[in-house]
Every structure is written in C-alpha cells, then in structure tokens.
Amino acid sequence: MNRPPYPPAQREDIVDDLHGHQVADPYRWLEDRAGGDTEAWLAAQEQLFQERIGGLPGRERLRERLTELLSAGSVGPPVWRGERCFFTRRGADQEHPVLYTAGPDGAERVLIDPMALDPAGTTTLDGWQPDKEGRRLAYKISKGGDEESLLYVMDVATGERIEGPIDRGRYSAAAWLPGGEAYYYVRRLPPGAVPEGEEQYHRRVYLHRVGTDPETDDVLIFGDGRDKTNYYGVGVSRDGRWLTISASQGTAPRNDLWIADLHASAPEAPALRAVQEGVDAETSLHVGRDGRAYIFTDRGAPRSRLCVADPADPAYENWRDLVPEDPEAVLTDYALLDGVLLAGWTRHAISEITVHDLATGERTGTVPLPGLGTIGGLVERPEGGHEAWFAYTDNVTPTGVLRYDSRTGEAGTWATAPGTVDVPDIESRQVTYTSYDGTEVRMLVLSRPGASGPRPAILYGYGGFNISLTPAYSASILAWVEAGGVYAVANLRGGSEEGEEWHRAGMRENKQNVFDDFHAAAEKLIADGLTTPARLAISGGSNGGLLVGAALTQRPDLYRAVVCSAPLLDMVRYERFGLGQTWNDEYGTAADPEELGWLLAYSPYHRVRKGVAYPAVLFTVFDSDTRVDPLHARKMCAALQHATSGDAPILLRNEAEVGHDARSVSRSVGLMTDTLSFLGAQTGLF
C-alpha cells in the first residue's frame, strides 16, 4: 500500500516554556474549529477518509449484520410510584429509548419519544425523575449531542408540559418534595455571572417551585458559586423529612456530605449538618422507610461497605457496618425490601447479588443469575414489599429486566429486550496475566468456539475514572467475533474492577501503570497464540482514547491498527477545553511543576516522533462534543501524518450534530461499520 496523500498542515514554531520544560505545539492553529484553515483541513481529511473507507471489503454485509444485532433493542428496570411504573424501552425499529408509563392494568403509554420531539434523531433524553406520588415527571433533554440539558416538568396523566425549559441544568436531577409542587435541583450560574470561559463549572443548589420563574424566584440552598469544579448531588427521603447534599471536586474520588431535617427547618432554609467533610472517601446516604440512615461508603473500605446510623446523629463514630467490605468483591448497589436487603457486587468484573437480613446484615443467600454477566439498577418499591427489579446483560444477552421475589428466593424475567436476534455462538473466558510490575490483571477474551491459531484481534480498554468494564451485549463485538476475530477486554488499573485502590493505582502519577497493563495484555494475547502484532488492533474512546493514543506512541511495534475515539491527547492543554478542568484530580494539572512532569511523560501528542512507522490509525470525533474537544484528535492526526515513515493510513472521521456519548441507532451503525471495516482491512479479517 502506498503512503496516502495527506492534506498539507502548516507546522508553526510555537514553543512554551512551562516550569523549565520547552514544550512544542506546532499544530495549535487546529484548536480553532471556526478558523478557515481548520475548516479547509477538515474538508480535505473528510475527502481522504471517504476515499479510503468507501471501497473496503465487506462493508455492506457488515452494516446489515450490525443493524440486525442492534435490532434486539433494550429495556430498563422500572421505577415505581404506587401501582404506576416508569421505564425505558427501545424496540427493534426505534432509534432511541422511549420513556413509558404503565398503570395497575398494565396498559402502557408513551411519555417521551425523542424521535417525536426531533425526527432528525439528534435529540436525546438525558434523565428523568417522577415525583413521589407519580403525578408529575421532571425530565431533561439535549440537542445535537451538546449535553446542555433543558429541564421540563410534565403532567403524567395528560402528557401536558407544565413548565420548562429551564436551562443550564447539565447533570442535574430533580429531588422532589412530597406533593409534587417543589423540587431541589442543581443549576449553573448564568454566563455573565462568572469569568469568561468558566460558565459550565459554577453550580449551585436551588429550591424551585413548579410554575415560578427560575431566574427570579428560585431559592439558593447551597453553594457560593466560586468553586468551578464542584459537582452537587441532592436527595430527599420518601417521607420528605431528610434532605441530603453531596459535593465533589470534579471527578475526584471523594466528596463532602451534609444532611438536614426538614421537619425541624423550612425547605427554603434547611439546617445542614456535616456527615463528612474533608475526608478522602466517597460516601452517599439514604434514609430508608425504617428511619435508619443507610451509608454507602469506601471510607476505610476500598471495596466499599454499607453502614447504618441514626440520621439525626450520623457522625462517623456512630456508623455501624451492616454489610462489611468483602476481601475480593466490590460492593456496587443495594435494595431494601421488607425484612430483606439485597447487595449487588462485582467479583473480578462479574456481577453477583447476595441476600441479607435487613436488621442485622447477616447473609442468608444469593440471587440466581442467568450467567456470568452484569446487573444494573437494583430497584424496590419506595413503600416496600417483597419484590426487586434489576437489569441484566452478558456478552450474548441483550439488556432485559429480572424480578426477584424474596418470598420464593427466585428471580424470573420481568421484561426481555423486545427484538428477536440470531446471536452467534461465542466462547468467553477470563484470563489472568501479569503486568510489568508483577500485578495480576484480568482480561475477558471472546472468540468462536473451537477456533485456533493466530487471528485478527481487537484489544479494548479504558483504565480510568473508577469505571468498570463488565460483560455486556455488544453488536460490534459479536459481529467481529462472528467473522472469525478475537475480541479482548482488559480490566486495567484505573477502573473499579477491584475497588478504589485499583482505581488509584492507575491515576495521577500512577497513570503509566494503565498503559503497562495494556501492553502486557497485548503480549499475553500474542504469547497464547491468539494473534500476532501484524494482526492486532486496539480500540478505545474518551479516556480509552488517551489509552490507545499512549499505546501507539509507546509501542508502535506492537499494534497493527488503532481506533481512537473522542480522545484526550494533548495532556498539557487538556484543562483549557471541554470539561478538562474537572479531570485534573484524575490526571494532574500542568500548572504544577511535578504534575506537568507526569503528563509530559506520556502525553500522546508530545510523544510523536519523526521517522517512526506508526500503526494505521482512525480518529473518530464528534463536532458537538462538549466533554472532550475534537481538537485533541485534529492535532494528533496532523502530527502523526507528518511524522510517520510508514504507509499505514492515518485518517480522521469527523461527524456533525453528535456529542460525546448518546447517539441514534442509525448513527451508531454507521460509526461501527466504519471502524470495524477499517480494523478488519488492516488486520486481514475482511
């Protein structure tokens, strides 16, 4: 293959002196999306991408198969208010999940269909919360992938919109007071009230009364608005007595927590008292029907534990373990039934549910699950009962919902994914391998049963932000494995698969551990005879895009092809764009001399070297991404195209009106078709 004719990209002589480091940035002009030079460069990159991707073999069959596999749809666990439930479902022919409600007779009714709001498919439902009586619904929508949610309130019985939009509500949820006339929520300050460029970080907690003007009538409850990295969470107990407020600095693995008795103080002026402040731990508190405070925490327990206390005096010395820390499994969730407590766990990334006596915490049994998979959203009725619901998925099972009955100890199907799909036979096994410093790491390897010999393989990872990679139904994985490839998912340090210590072993000054774990996973696949460097591809998005960006610059000899999606790549300037400033506890900040050294040691953009034969790379970015600015991929793409001495293509796929995460089914199919056909062509699968 001949070297592609890359679009010209001017290299500017920009060198910053940062704490004594001379840091070159020749493609800073590509940070300006609106600049004419950037626009012309992007147009030329799009032409090159289309020329290279359009003629790849097997694309149409791959597109058809991905569409078939995605037609399984999905369904989410129900949220109950009396005899009415609320749930989401995406049918075989639907582009986005739709929010439904069902009454005592079981008759379903659509509440919010994103495609009805926007037939173009660029509007998404970001969140929703019914009031405590199930009569009103607060919900958030965003357009074009920007995630700048608009908050509305609906009358559930009529479907009529009562109020909205209230803007600047990104990541906010409504915490309703009884009666459905008022709720607490989190809102950013208006742009004119904060320094230019910092609008999205300044948040406060407000009390809002339905039908009033949020600009003039909302009551400030908490926050002075000066700390631009504060994230707030708000909750109100079922009886309306207890208000809880949580505050964290960006994505730091710690938070402060307060509680107020609304029977002793007005909702407009709650007398908040600290549950924890200035403690290096994550803690949440929920007051149950029995009046006890249930405290979920990793304080003194990196794999987490569940404690109880009196909400009137929830000081740390009064916490009592109800479900103590497990030496191997990570506590992830819990549900409170009548006399019974369910605890959700992941043991080396595989889900489990245990049953406990609610009063004492004594373990009395387990909940049977269909396979080695992932549970999500343990839900009970707010008023209690013997039932719980939870989502379940694994590598061959689309997401459905199971119902547990504490009277029988059995779990049965409540709702399956609505579509019918012919899923291929695959074999999955969990492999343990040793990273460079001797740490044992686990990896899930999927392939066709009985397959042998080196094959085209994709290695996927994330390794950050305490996020766990667990088994789940994936159209792209199934299509790749069905075609004869190997797909591996590595549970790298930086995630939550082994608890908070595992997370911290892959953040800040320890970030290189994540990349070492990834390289060691690749070498394990090769040593086991599953693939070769010439047939091994890697893939990752967001923080996983940083992972594969570091991998291709550190070990270009180990990988044949790379898909790098919505990535962070310029780790010197990442805090200046998107939500970057909220992530400096995870990575470190360039403002600190020592931490700049951490960042420069692996920053992919700054590790590109002239004359190296880099792997084939496909960057996929989304113009409306307000989390990770596409400028990272633009700059890295230009740097690699200039530097590489090889013929392997370096391409950029830029998509408009799509954000960092949620997208319609048809857009998802298009993205997966492009990425898998690219990797398949490079590794010889197609």
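Procedures and definitions
- Residues numbered from 1 in each chain as written.
- Predicted model: local features only at pLDDT ≥ 70, side-chain atom pairs only at ≥ 80, totals over all residues.
- Heavy atoms only, no water.
- Pairing = 2+ DSSP bridges.
- Helix = DSSP H or I, 4+ residues; strand = E, 2+ residues; numbered from the N terminus.
- Axes fitted to C-alpha atoms, helices over the stretch in contact; angles between N-to-C directions.
- Buried < 20%, exposed > 50% of the residue type's maximum accessible area, 1.4 Å probe, protein only.
- Right-handed = clockwise from strand over helix to strand, strands pointing away.
- Parallel < 35°, antiparallel > 145°, perpendicular 65-115°, else oblique.
- Left-handed = near helix turned anticlockwise from the far one by under 90°.
- Contact = heavy atoms within 4.5 Å.
- Phe/Tyr/Trp six-rings, centres within 6.5 Å; stacked < 30°, edge-to-face > 60°.
- Lys NZ or Arg CZ within 6 Å of the ring centre and 35° of its normal.
- Salt bridge = Lys/Arg side-chain N within 4 Å of Asp/Glu carboxyl O.

Peer 1: Sorry if this is basic, but what is going on with the sheet that holds strand 9 (residues 136-143) here?
Peer 2: Working definition: the strands of a sheet are paired by backbone hydrogen bonds and lie parallel or antiparallel to each other. Across the sheet, which stays open at both edges, the four strands sit in the order 8-9-10-11 with antiparallel pairing between neighbours. In this open sheet, the two edge strands, each paired with only one partner strand, are strand 8 (123-130) and strand 11 (161-166). Taking the axes of each pair of neighbouring strands and ignoring which way they run, one obtains an average angle of 20° across the sheet. In this sheet, strand 9 lies alongside strand 8 in antiparallel orientation, the contact comprising seven bridges. Paired with Pro 130 across the bridge in strand 9 is Leu 137.

Peer 1: When you look at the pairing of strand 35 (residues 486-491) in this model, what are you seeing that I'm missing?
Peer 2: The side chains of a regular strand alternate, first on one face of the sheet and then on the other. Across the six residues of strand 35, six count as buried, placing the element largely inside the fold. Across the two faces of strand 35 the burial is the same, with Val 486, Ala 488 and Ala 490 and Tyr 487, Val 489 and Asn 491 all buried. Pairing geometry for strand 34 (residues 457-460) and strand 35, over four bridges, is parallel. Opposite Tyr 460, over in strand 35, you have Val 489 as the bridge partner. Following the chain from strand 34 across helix 4 (residues 475-482) to the adjacent parallel strand 35, one finds a crossover that is right-handed.

Peer 1: I would appreciate a short explanation of the packing of helix 6 (residues 512-527) against helix 7 (residues 543-554) in the present structure.
Peer 2: Contact geometry of helix 6 with helix 7 gives a least axis separation of 10 Å together with a crossing angle of 70°. Taken together, helix 6 and helix 7 sit at an angle that is classed as roughly perpendicular. In this structure, the crossing between helix 6 and helix 7 has a hand that is right-handed. From helix 6, Gln 512, Val 514, Phe 515, Phe 518 and His 519 reach across to helix 7, where they touch Leu 546, Leu 547, Val 548, Ala 550, Ala 551 and Gln 554.

Peer 1: Can you walk me through the packing of aromatic side chains in this structure?
Peer 2: The geometry of an aromatic ring pair is captured by the separation of the ring centres together with the interplanar angle, meaning the angle of the planes. For the structure shown, the criterion picks out 18 aromatic pairs. Look at Phe 518 and Tyr 559: their rings are 6.2 Å apart centre to centre, the planes differ by 35°, and that puts the pair in the tilted class. Here the residue Phe 518 occupies a position in helix 6, and Tyr 559 occupies one in the loop between helix 7 and strand 37 (561-565), the gap between them amounting to 41 residues. Take Phe 518 and Tyr 559: they sit in the same class, and that class is buried. A cation over an aromatic ring shows up here: Arg 203 above the ring of Tyr 231, its NZ or CZ 4.4 Å from the ring centre. Its end group placed over the ring of Trp 319, Arg 299 keeps NZ or CZ at 5.5 Å from the ring centre.

Peer 1: Which parts of the structure should I look at to understand the pattern of salt bridges?
Peer 2: When charged atoms on two side chains of opposite charge get close, those side chains can pair. A complete count under the given rule lists 51 salt bridges for this structure. Asp 16 serves as the salt-bridge partner of Arg 28, at 2.3 Å between the closest nitrogen and oxygen. In this pair, Arg 28 sits in the loop between strand 2 (21-24) and helix 1 (36-53) while Asp 16 sits in strand 1 (residues 15-18), placing the two residues 12 residues apart along the sequence. Taking the relative accessible area as the measure of exposure, Arg 28 reaches 19% and is therefore buried. Residue Glu 500 pairs with Arg 504 through a salt bridge whose shortest N-O separation is 2.7 Å. With Glu 500 and Arg 504 both in helix 5 (residues 500-504), this residue pair falls four residues apart, about one helical turn.

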